[in-house]
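# Residue-level structure breakdown
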Amino acid sequence: MAPATSSSSSTAKRLIRFSGSLRRTEAPRRPTPPPSPPPKKLKPMAEVMAKARHAVVERVDYSDASCQQCGSGDRADELLLCDKCDKGFHMKCLRPIVVRVPIGSWLCPKCSGRRRVRSFSQKKIIDFFRIQKCTDKKDARKRRRRSGSLVLQKKRRRLLPFVPTEDPAQRLKQMGSLATALTALHMEFSDDLSYMPGMVPRSANQAKFENGGMQVLSKEDTDTLEQCRAMCKKGEWAPLIVVFDSCEGYTVEADGQIKDMTFIAEYTGDVDYIKNREHDDCDSMMTLLLANDPSKSLVICPDKRGNIVRFINGINNHTLEGRKKQNCKCVRYSVNGECRVFLVATRDIAKGERLYYDYNGYEHEYPTHHFV
């Protein structure tokens, strides 16, 4: 029995030593280190240089300046020099073409950098244009019936409401193209005239100040206007899409058939006095009011806020081919005593056709001889 006792005792001692060794060798748990921050994304050098500040250095002699596109130094009055790289470009050789000499500093396409084209999701498009969701089916049926009755009045040269694209996906594509163009020009969308502090109060926009009077929008046409505005708030616009042309820049195409005398859109932007914009570089100003007192004359400036009309190009009214392109016009009306400007189709416009109107509809001051 003694050996058995000795054996069991030694076994117990080994077990105790073994278990004791486990307690001694068990290391304390270390806290989990925090996750490392994601690596920083470095911008390409071209993007950094495009945004870098530059100093304008005047040349001593400009006699050897020439165009980087055509290589010619002729037509010096049309040769623009980049304020960053000091290279020359003819206004007609640039893409898009530069219509008039810019005021202030100017950068060539390479130094200004190409703007990144943004894509917009459906939710972002709805938020961008503050579209109201339509839940009333009766209102839609009422709108369609009203549209039919207005078409019968075309013989009296009444304004027609536009017919939106039926496919919701295509309408989103149209709105996305406009959102992209507005974002590229750092503009906000606005479907109304804007009266900003320090510019013009709304009380200054009165049709009674117009020199010679202004035509009043009829009740039937006012109903058409309100119908179109109601559709725009629901995301149902005229079938138009904004495209980029290497020569003309951003321009507008019909994405569906548009009939003659159709209301297309209202010309919107910031309202200001003409006298404050005499040396302005905005290329899309529109006359709003030509007052008896020139100091009270008003213009619409879509350089910070506007809609799709901002991207409709003008015709070259110095050539017959240029005048043939015109398929719409801007018309000024008195609406509830205020001046408003509407874009109206002057003939049937086919799908895929670009929209053009005469920039010099009221005044012949805008240089259009460079227009294509």
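Anyway, here's the lowdown on the structure attached to this text. Each chain has its residues counted from 1, following the order in which its sequence is written. Residue-level local features of this predicted model are given only where pLDDT is at least 70; pairs of side-chain atoms are given and counted only at 80 or more, and the full residue set underlies all totals for whole chains, interfaces and linings. As a rule here, side-chain values come from all non-hydrogen atoms in the structure, and water together with hydrogens is ignored.

## Considering the overall build of the protein
On a plain count of helices and strands, the protein comes out with eight helices and 14 strands. Each residue is placed in one exposure class: buried if its accessible area under a 1.4 Å probe, protein chains only, is under 20% of its type's maximum, exposed if it is over 50%, and partly exposed if it falls in between. Residues counted as buried form 41% of the 372 residues belonging to the protein. The contact definition used throughout considers only heavy atoms, calling two residues in contact when any of these lie within 4.5 Å. Considering only intrachain contacts with a sequence separation of at least 6, the fraction spanning at least 24 residues in the protein is 72%. For every accessible area listed, the method is Shrake-Rupley and the probe measures 1.4 Å; residues are considered covered only by the protein chains on display. As presented, the protein carries roughly 22800 Å² of accessible surface, and 53% of it is formed by carbon and sulfur atoms. In DSSP terms, a helix is any run of H or I states spanning at least four residues, a strand is any run of E spanning at least two, and both are numbered starting from the N terminus.

## Considerations on the environment of Tyr195
Here Tyr195 is to be found in the loop between strand E3 (188-189) and helix H7 (219-233). Between the alpha carbons of Tyr195 and Asp272 there is a distance of 8.0 Å; along the sequence they are 77 residues apart. If we skip the residues at most four places from it in the chain, Tyr195 touches Val200, Pro201, Arg202, Asn205 and Val271. Counted as a polar contact is a pair of N or O atoms within 3.5 Å, where, for protein atoms, one must be capable of donating a hydrogen and the other of accepting one, and residues adjacent in sequence contribute only when both atoms are in side chains. Reaching out from Tyr195, the side chain makes a polar contact with the side chain of Asn205 at a distance of 2.9 Å.

## Here we look at the sheet that holds strand E7 (residues 270-273)
Read from one edge to the other, the open sheet built from three strands follows the order E7-E9-E8, with strand pairing classed as antiparallel. Edge positions in the sheet fall to E7 and strand E8 (286-289), since each has one partner strand and no second. Sheet twist, expressed as the mean angle between neighbouring strand axes with direction ignored, is 40°. Pairing between two strands is assigned when DSSP locates at least 2 bridges connecting them. Between N-to-C directions, angles span 0 to 180 degrees; the directions come from axes that are lines fitted to C-alpha atoms, helices contributing only their stretch in contact.

## Quick look at the sheet that holds strand E12 (residues 328-335)
Read from one edge to the other, the open sheet built from three strands follows the order E6-E13-E12, with strand pairing classed as antiparallel. For this open sheet the edge positions go to strand E6 (263-266) and E12, each flanked by a neighbour on one side alone. The sheet shows a mean angle of 35° between the axes of neighbouring strands, taken without regard to direction.

## Some points on the pairing of E7
Along E7, one buried face is formed by Asp270 and Asp272 and the opposite face, lined by Val271 and Tyr273, is buried too. Looking at chain direction, E7 and strand E9 (residues 298-301) are connected through four bridges and run antiparallel. Residue pairing in the sheet places Asp270 in a bridge with Cys301 of E9.

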